[in-house]
Amino acid sequence: MKLLLDAEYLLSKELTGDGVQKIKKYISDETKDILYKGLPKDKLSEAPKILESNISRDAISIKIESGTYVRAHSVAIRLKNSISSLLGKEFKVGIKKVTGKTYTLSLELDKIPKDPIKIPFVENISIEGNNAILVLTNLDEEFLTKNYVDRIINLFYEKVEAQFWGGKGEHWELISKSENKEPITTKDPTSELLALGWLKQGPSQGQWFYHAPIAALLRTMERIAVEEVLKPLGFIEVIAPKMVPFEIWEKTGHLSGSEPEIYYISPPISRDISVWEEVIDLYKITKKAYVEKIRERMRDPIGGMTYAQCPPMYWAFDGKTIDDSEFPVLIYDKSGPSYRWEAGGRQGIERVNEFWRIEPVFIGYPEQLIELKEKMMERYAYVFNKIFEIEWRTAWVTPFYMAQAGQTGIEKETERIKGTVDYESWIPSRGSREESEWLEFQNLSIVGDKYTKAFSIKSSKNKELWSGCSGIGLQRWTVSFLAQKGLDSDNWPKEFKKYLGEFPRQIKFV
C-alpha cells in the first residue's frame, strides 16, 4: 500500500519572512518524531516521508508519502497540530483550514475486480497491473481526522472480495438434528389457512389480517415461548420503542447493509393546518391521497420502523454502569410488530414485511452467557421436541449482525463460543427433508462485546461484558408447527393443546 497526500494549511493571517524560514527549517529538521510515532520498530524502513513542502505568506503546502503503518492523513493532522503550536507561540498565527487537495491511494490486489467499483468520496478508481489507484480530492479536516480514509480502503477490499463470493451465500454448517418425524400433512400452511378463511391478505404488501383462530395460535406460541423458555431462565419483560432513530443504527451497524429493507419515517414539516390545507382540500374533492403533495410537506427521514428489536434495548443501557449483582441482565420485548421491506422475497405468513417476534436480550460476563446459551438451547429443544413434536435442526450460520451488514462467512472459524445458531424446521410442502429448503424459525446469538462497547455499557467491577439475543418469530413458529401437524387440532400434541385452551370460533361470512 502506498498513500500520497497533497495537503494545504491555510493560515489565519500572513506569515513574515522570518516565520516562513522558521517553518521551513522545522519541517525539514524537526519532524522525525511525528513521522515515526506509532511505527513498529521492525518497520522503520516504511516510515512516512515528507517529499516536498512550500511555505508562502498565507498557506503551507506539503506532500506526504506513506505506507500501511502510519498513514499520510494521520501525519498531516499531526503536522497541523504541531505547526499550529509553533505558529501561535512565536508569530500569533493560526491554521484556519486544512484541506487534502489530492489523496492518491495505491492498493495492492490479490484479485483483480471483475466489474467497476464505486465508492463515495472517491473520484476515480483505476487498475494498473496488480494495484488499484483510488483518487480523492478536496478533503476537509474532519475527513482526514475521523478514519474515513481507512474505512474507504476497507470498503474497497470488501467490494473486491464480494465479486468473488459467487453466490456462496451465508455460511451454514450443521450442528445437530432431531429425530425424523412423519408429517401428518404435506400441504402448504398459508394456502390451508386462506382456504379456511382464517387469513386475509393485508391492506399493504407483506401484511396479513389474522382472524381469531390463527390469532389464537400466534398467542399460543407467545405463551409457550414466555412460559417455557424465558420465565424459567429469569427473563423479565420490557417495552421497547418501535421507531428507531438513525443514531441507534449507526452504533449497531445496521446502516451497513440493511438500508434496502428498512421502512423509513419522515415527520411532517409542521402541524399548522394552513400548511396542509391544500392536501386536505384535494382529498375532500377527490377522496384520494395526493402523495406528491404530502411528500412536499415531509421532513427528511429521522429513522425507521423496528427492523430488529434489540437496538433500542441496547440503547436503554447506553452509557450505563450496571451493578455487578444484576448480571446477567435478562430482558425481552414482545410489544409490537417489526418491519422489513421483503419486496419480491415475501412468502406465505413466514416471510412478510410486518411480522411479530419476541426478542430476548442478555448482557453479562462471558462465562455467564456461555452457560445461559446452553440453558436456552435446552429449553428450545424441550419446546420443539416435547410440546411441538416437530422435526428440526440447528446450524452455525453467518452471525446476524454480519448478515444485516451484507457480509457472509463467520468471523472466526475456530471460535464457536460466539456467533449465531439458526434453528430450522422441515416444511414438507416444499419437498423431501433431504432436498428441500428448510425454514429458519429461530436463532440464538452471542455477539461478544460488539454492542456493549458500541453503547459504552459497563459493569461496576469494570470487567469485560458480552451480550446476545434470540429472535423468536411467532409466525415462523406457527408455520413450522402447522406444516408438519396440519390444521386439525385433533392431531395436535397434548402438551401443545394445554397451552391452546379453548379454540375460538371463526366469524361466518355469506
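1. Some points on the overall build of the protein chain
Argument step 1. For the protein chain, the count of helices and strands is 16 helices and 24 strands.
Argument step 2. Principal-axis analysis of the C-alpha atoms places the extent of the protein chain at approximately 95 × 65 × 50 Å.
Argument step 3. Within the span of the protein chain, comprising 510 residues, buried residues form 46% of the whole.
Argument step 4. Accessible surface computed for the protein chain: about 26300 Å², of which carbon and sulfur atoms make up 49%.
Argument step 5. Charge-centre separation for the protein chain: the mean point of 72 positive side chains lies 2 Å from the mean point of 75 negative side chains.

2. A few points about the pairing of strand 4 (residues 95-108)
Argument step 1. In this structure, strand 1 (residues 2-11) lies alongside strand 4, joined through 10 bridges in antiparallel fashion. Considered in strand 4, the bridge of leucine 3 is made with leucine 105.
Argument step 2. Both strand 4 and strand 6 (residues 131-139) contribute to a ladder of eight bridges, which runs antiparallel. Bridge pairing links glycine 100 to leucine 139 in strand 6.

3. Points about the pattern of salt bridges
Argument step 1. Per the stated rule, a full pass over the model turns up 29 salt bridges.
Argument step 2. Two residues, arginine 219 and glutamate 222, come together in a salt bridge whose shortest N-O distance is 3.0 Å. Here the residue arginine 219 and the residue glutamate 222 both occupy positions in helix 7 (residues 212-233), the gap between them amounting to three residues, near one helical turn.
Argument step 3. Look at arginine 219 and you get partly exposed, because its relative accessible area is 40%.
Argument step 4. A salt bridge links lysine 242 to aspartate 333; its shortest N-O distance comes to 3.0 Å. Of this pair, lysine 242 sits in the loop between strand 10 (236-238) and strand 11 (243-245) while aspartate 333 sits in strand 15 (residues 329-333), and the two are 91 residues apart along the sequence. Each member of the pair, lysine 242 as well as aspartate 333, carries the same accessibility label: buried.

4. Brief notes about the sheet that holds strand 12 (residues 264-265)
Argument step 1. The strand order 11-13-12 describes an open sheet built from three strands, whose pairing is antiparallel. In this open sheet, the two edge strands, each paired with only one partner strand, are strand 11 and strand 12.
Argument step 2. As paired elements, strand 12 and strand 13 (residues 303-305) share two bridges and run antiparallel to each other. Bridge pairing in strand 13 links tyrosine 264 to glycine 304.

5. A look at unusual backbone geometry
Argument step 1. The linkage connecting phenylalanine 327 with the following residue, proline 328, adopts the cis geometry, with an omega of 0°.
Argument step 2. Structurally, the position occupied by proline 328 is in the loop between strand 14 (321-322) and strand 15.
Argument step 3. Of note, serine 456 is a non-glycine position whose phi angle comes to about 50°, a positive value.
Argument step 4. Along the polypeptide, serine 456 turns up in the loop between helix 14 (450-454) and strand 22 (458-459).

6. Some points on the side chain of threonine 185
Argument step 1. Tracing the backbone through its elements, the reader meets threonine 185 in the loop between strand 7 (172-177) and helix 6 (189-196).
Argument step 2. A relative accessible area of 14% means that threonine 185 is categorised as buried.
Argument step 3. In terms of polar contacts, threonine 185 uses its side chain to reach the backbone amide nitrogen of lysine 187, at 3.0 Å.

7. Structural notes on the confidence of the model for the protein chain
Argument step 1. Put simply, the protein chain has an average pLDDT of 92, and 95% of its residues get 70 or more.
Argument step 2. Confidence over residues 403-411 falls short of pLDDT 50; this stretch has 34 contacts with residues more than four positions distant or in other chains.

8. A look at the side chain of glutamate 350
Argument step 1. Secondary-structure assignment places glutamate 350 in the loop between strand 16 (338-339) and strand 17 (354-355).
Argument step 2. With a relative accessible area of 7%, glutamate 350 lands in the buried category.
Argument step 3. Residues contacting glutamate 350, with those up to four places away along its chain left out, are Thr190, Arg430, Leu439, Arg476 and Val479.

9. Focus on the state of the cysteines
The bond known as a disulfide is covalent and runs between the sulfur atoms of two cysteines.
Argument step 1. Using the criterion set out here, one finds zero disulfides in the structure.
Argument step 2. Of all cysteine sulfurs in the structure, the one in cysteine 469 sits closest to cysteine 310, which takes part in no disulfide; the separation is 4.4 Å.
Argument step 3. For cysteine 310, a relative accessible area of 2% gives the class buried.
Argument step 4. Assessed through its relative accessible area of 3%, cysteine 469 is described here as buried.

10. Describing the packing of helix 7 against helix 12 (residues 366-387)
Argument step 1. Where helix 7 contacts helix 12, the axes come no closer than 10 Å and their chain directions differ by 155°. On the basis of their axis angle, the class for helix 7 and helix 12 is roughly antiparallel. The chirality of how helix 7 crosses helix 12 is right-handed. On helix 12, the residues that touch Ile224, Glu228, Val229 and Leu233 of helix 7 are Leu372, Lys375, Met376, Arg379, Tyr380, Tyr382, Val383 and Ile387.
Argument step 2. Here the residues of the contact of helix 7 with helix 12 sort into nine nonpolar, no polar and three charged.

Cut-offs and rules
Residues numbered from 1 in each chain as written. Predicted model: local features only at pLDDT ≥ 70, side-chain atom pairs only at ≥ 80, totals over all residues. Heavy atoms only, no water. Helix = DSSP H or I, 4+ residues; strand = E, 2+ residues; numbered from the N terminus. Buried < 20%, exposed > 50% of the residue type's maximum accessible area, 1.4 Å probe, protein only. Areas by Shrake-Rupley, 256 points an atom, 1.4 Å probe, with all protein chains shown as cover. Lys, Arg positive; Asp, Glu negative; His and termini not counted. Charge placed at Lys NZ, Arg CZ, Asp CG, Glu CD. Pairing = 2+ DSSP bridges. Salt bridge = Lys/Arg side-chain N within 4 Å of Asp/Glu carboxyl O. Polar contact = N/O pair within 3.5 Å; in protein donor to acceptor, adjacent residues only side chain to side chain. pLDDT = per-residue confidence, 0-100. Contact = heavy atoms within 4.5 Å. Disulfide = S-S within 2.5 Å. Axes fitted to C-alpha atoms, helices over the stretch in contact; angles between N-to-C directions. Parallel < 35°, antiparallel > 145°, perpendicular 65-115°, else oblique. Left-handed = near helix turned anticlockwise from the far one by under 90°. Nonpolar A, V, L, I, M, F, W, Y, C, P; charged D, E, K, R; others polar.

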